[in-house]
Amino acid sequence: MTREFSVPQKRKLVTELPGPASVALQERRVRAVSRGAGTLANIYMDHGAGAILVDVDGNQLIDLGSGIGVMTVGHAHPDVAAAAAAQAAKLTHTLFTVTPYENYVRVAEKLAEITPGDFEKHSILVNSGSEAVENAVKIARKYTGRRAIVSLDHAFHGRTNLTMGMTYRPWPERAGMGPVPAELYSVPISYPYRDGLSGEEAAEKTIDYINTHIGASEIAAFFVEPIQGDGGIIIPAPGYFSRLSEFCTENGIVFVADEIQAGLARTGAWYSIEHHGVVPDLVTSAKGIAGGFPLAAVTGRAEIMDAVQPGGIGGTFGGNPVSTAAALAVFDIIEREGLIAEAQRIEKTLLARIGDWPDRFSVVGDVRGKGAMFGVELVQPGTKKPNPEALSAVLKHATSNGVIPLDAGSWDSVLRIMPPLVISDELIDDAASVIEEALATF
Ligand code: PLZ
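Everything numeric here is computed off the predicted structure, so don't read it as measured data. Counting starts from 1 at the beginning of each chain's written sequence and moves along it residue by residue. Under the rules for a predicted model, residues below a pLDDT of 70 receive no local features and side-chain atom pairs below 80 are neither given nor counted, while totals for whole chains, interfaces and linings still include all residues. Just so you know, side-chain values use all the structure's heavy atoms and leave hydrogens and water out.

K.L.:
Could you give me a rundown of the domain arrangement of the protein chain, with the residues and numbers involved?
P.N.:
Domain parsing of the protein chain yields domain 1 (20-63 + 338-439) and domain 2 (81-336). The centre of domain 1, based on its C-alpha atoms, is set 25 Å off from the matching centre of domain 2. Residue contacts are counted whenever heavy atoms from the two residues lie within 4.5 Å of one another. Taken together, the contact between domain 1 and domain 2 spans 30 residues of the former and 28 residues of the latter. Between domain 1 and domain 2 lies a buried interface of about 2300 Å² when both sides are counted; carbon and sulfur atoms form 56% of it. Area buried by domain 1 at its contact with domain 2 is led by Ile-340, Met-373 and Ser-410, which between them contribute 27% of it. Only one rule defines a salt bridge in this text: a Lys or Arg side-chain nitrogen within 4 Å of an Asp or Glu carboxyl oxygen. The partner of Glu-377 in a salt bridge is Arg-194, with the nearest N and O atoms 2.6 Å apart. Secondary structure is summarised from DSSP: a helix means a run of H or I of at least four residues, a strand means a run of E of at least two, and numbering begins at the N terminus for each. Mapped onto the side of domain 1 that touches domain 2, the elements with two or more residues apiece are helix 12 (339-354), strand 11 (364-370), strand 12 (373-378) and strand 15 (414-417). In this entry, domain limits derive from an automatic or database-based domain assignment. Joining two parts hides part of their accessible area as seen by a 1.4 Å probe, and the buried area is that hidden amount summed over both.

K.L.:
Could you give me a rundown of the nonpolar core, with the residues and numbers involved?
P.N.:
For this analysis, a nonpolar core means a set of buried residues of the types Ala, Val, Leu, Ile, Met, Phe, Trp, Tyr and Cys, connected via side-chain atoms within 4.5 Å. Accessibility here uses a 1.4 Å probe with only protein chains present; expressed as a share of the type maximum, an area under 20% marks a residue as buried, one over 50% as exposed, and anything in between as partly exposed. Grouped together as the largest cluster of nonpolar side chains are 119 residues, with contacts concentrated most on Phe-222, Phe-331 and Trp-357. Counting contributing residues, this core receives three or more from each of domain 1 (20-63 + 338-439) and domain 2 (81-336). Among all residues touching Phe-222, those that are not within four sequence positions of it are Val-150, Leu-152, Val-187, Thr-206, Ile-210, Leu-244, Cys-248, Ile-253, Val-254, Phe-255 and Val-256. Ranked by size, the runner-up nonpolar core spans six residues in total, among them Ile-227, Ile-233, Ala-262 and Met-373.

K.L.:
Kindly report on the environment of Leu-282, identifying the contributing residues and their values.
P.N.:
Relative to the assigned elements, Leu-282 resides in strand 9 (residues 282-285). Judged by relative accessible area, Leu-282 falls into the buried class, the value being 0%. Residues Leu-282 and Ser-22 lie 260 residues apart in sequence; the distance between their C-alpha atoms is 42 Å. Setting aside its immediate chain neighbours within four residues, Leu-282 contacts Ala-136, Val-254, Phe-255, Val-256, Ala-257, Val-298, Thr-299, Gly-300, Arg-301, Ile-304 and Met-305.

K.L.:
Account for the site of the ligand, naming residues and giving values.
P.N.:
Around the ligand sit 14 residues, and of these Gly-129, Ser-130, Arg-159, Asp-258 and Gln-261 come closest. In protein, a polar contact means a hydrogen-donor-capable atom and an acceptor-capable atom, both N or O and within 3.5 Å, with residues adjacent in sequence counting only if both atoms are side-chain atoms; elsewhere, any N or O pair within 3.5 Å suffices. For the ligand, an oxygen atom lies 2.8 Å from a polar atom in the backbone of Gly-129. Each accessible area value is a Shrake-Rupley result obtained with a 1.4 Å probe; residue values ignore everything except the protein chains displayed when judging cover. About the coverage of the ligand: the protein hides 81% of its 510 Å² of free accessible area. Proximity is defined per residue: if any heavy atom of the residue lies within 4 Å of a molecule or strand, that residue is considered near it.

K.L.:
Could you give me a rundown of the pairing of strand 2 (residues 52-55), with the residues and numbers involved?
P.N.:
Side-chain alternation along strand 2 places Ile-52 and Val-54 on one buried face and Leu-53 and Asp-55 on a second face that is also buried. Whether two strands pair depends on DSSP finding at least two bridges between them. Inspection of the sheet shows strand 2 paired to strand 3 (residues 60-63) by three bridges, in the antiparallel sense. The residue of strand 3 that forms the bridge with Leu-53 is Leu-61. Between the antiparallel neighbours strand 2 and strand 3 lie four residues, among them Gly-58 with a positive phi of about 90°.

K.L.:
Got a sec to walk through helix 15 (residues 425-439)? Specific residues and values, please.
P.N.:
For helix 15, which comprises 15 residues, the first-to-last C-alpha distance of 21 Å matches the rise-based estimate of 21 Å (1.5 Å per residue) to within 8%. By the burial criterion, the buried members of helix 15 are Leu-427, Ile-428, Ala-431, Ala-432, Val-434, Ile-435, Glu-436, Ala-438 and Leu-439. Helix span is expected to be 1.5 Å times the residue number reduced by one.

K.L.:
Describe in detail unusual backbone geometry, supporting the description with residues and values.
P.N.:
Outside of glycine, negative phi angles account for most residues, and trans bonds account for most peptide bonds. Between Trp-171 and Pro-172 the backbone carries a cis peptide bond, its omega angle lying at 0°. Checked against the element boundaries, Pro-172 lands in the loop between helix 6 (161-166) and strand 6 (184-187). A cis amide bond links Gly-178 to the next residue, Pro-179, at an omega of 5°. Positioned with a positive phi, Ser-66 is a non-glycine residue whose angle comes to about 55°. Topologically, Ser-66 is positioned in helix 2 (residues 66-69). Note on Ser-66: relative accessible area 0%, which makes it buried.

K.L.:
Now, about the pairing of strand 12: what can you tell me, with residues and values included?
P.N.:
Counting buried residues in strand 12 gives six out of six residues, a clear majority hidden from the surface. Judged by which residues are buried, strand 12 turns out to be covered on both faces: Met-373, Gly-375 and Glu-377 on one side and Phe-374, Val-376 and Leu-378 on the other are all buried. With six bridges connecting them, strand 11 and strand 12 associate as antiparallel partners. Bridge assignment links Lys-370 to a residue of strand 12, and that residue is Met-373. The loop that links strand 11 with its antiparallel partner strand 12 comprises two residues; one of these, Gly-371, has a positive phi angle of about 60°. Pairing of strand 12 with strand 15, which is carried by four bridges, proceeds in the antiparallel orientation. In the strand pairing of strand 15, Glu-377 is matched with Val-414.

K.L.:
Requested: an account of the packing of helix 3 (residues 78-90) against helix 11 (residues 321-336), with residues and values cited.
P.N.:
Packed helices, taken two at a time, are described by their axes: the angle between them and the distance between them. Lines are fitted to the C-alpha atoms to define the axes, a helix being fitted only along its stretch in contact, and any angle between axes, read from their N-to-C directions, falls within 0 to 180 degrees. With their axes 8 Å apart at the nearest point, helix 3 and helix 11 run at an angle of 155° to one another. Considering the angle they form, helix 3 stands roughly antiparallel to helix 11. Between helix 3 and helix 11 lies a crossing whose hand is right-handed. Where helix 3 abuts helix 11, its residues Asp-79, Val-80, Ala-83, Ala-84, Gln-87 and Ala-88 lie against Pro-321, Val-322, Ala-325, Ala-326, Ala-329, Val-330, Ile-333 and Arg-336. Three classes are used, and their members are as follows: Ala, Val, Leu, Ile, Met, Phe, Trp, Tyr, Cys and Pro are nonpolar, Asp, Glu, Lys and Arg are charged, and the others, Gly among them, are polar. A class-by-class count of the residues in the contact of helix 3 with helix 11 yields 11 nonpolar, one polar and two charged. Should an angle fall under 35 degrees it is called roughly parallel, over 145 degrees roughly antiparallel, and 65 to 115 degrees roughly perpendicular, with every other angle called oblique. Should the near helix be turned counterclockwise from the far one by less than a right angle, the crossing is left-handed, whereas a clockwise turn marks it as right-handed.

Listed below in structure tokens is the structure:
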């Protein structure tokens, strides 16, 4: 389809990057903002449209990150803006658990429809991905009466104290900020590029680890990202998740797909677990669900979701009227604009354009992805040793030339590409050329 955007979908640089207005803001920022909120590129944005961000100096940059997988429908989508503005003028808050409203119910109905599984599903709406994961933990514990929570190596599940404990790497996400709660376990994942195992072999390894370190009967929930995001776009081998989900069913463990980054059309399916042919018990959604407004959800089997006593879960702003209005607009846009098919188009374009990078550039070990969620793993040439220095050089070159990709990976060595699903093939080509200039220097 042809789309109209309020900003031409072209990269255009009118100053050096960061430009003078960004530099001035950065000077103020270091005096006012905690350095704990580190930034990838100190280029301050003013507005955007589609897959283009416009900075405070008037430069037009290509957004390859969508603000970490949030801007699925593109920046400044007029329907999201209109839905949010109309709702803001009507009613901004009651607290659903005091006096409810329809938007919340409509979002839950839609989530029941689009999440995998042909059974009755219920949802709870909250504000952030971390909060969704926390609630899934509470619900699974209440339902099973068990305590242990399992997540995979390289996982990212959030930054609150509980979810920080479910997040794999100590640095920088956890170091010095513990203790984290007890009964959280990290177990080996399937990482085809690095372990060379089939899905069944990797699943046996994971299950053996669980049996010898934790005990299946202790486990309330097993959390997986069907395609890991922050962990470095790791896609477990075929058959891995189906074996794990069987293992969970056999042992009364709640199988949770954390779809916060990979869900909601990004990978060319409503939810990325669909690529693995597995139906989870619970699904978490966030990020792309509301076009940038804070909203997240836990959705799943009604008997599990209803195990919690009334008043047992909630929160002041969860399922806010404006966020839910934006989410309803997003669902509509995904369907009306065919964004699942657009994600599939982007996968084709990316594979054709960058799929041969491992052959062309000695610093590229692997290119992998699904839909509009790709990773380029950088290694020391001739080895599989992670190459974080190369990643930081590539990011520096890209960002100073008007392309904003993301970093990822436990060793900070994976270039992550997750553009809005409305990005054109021309912009992908232009962004790839900029990244290639940096890859060619190694
Ligand atoms: N689960 C799978 O990807 C968020 C966060 C950015 P929140 N990932 C990137 C950052 O640096 O904190 C994420 C995720 C998965 C949970 C979360 C947490 O979601 O909305 O950031 O709390």
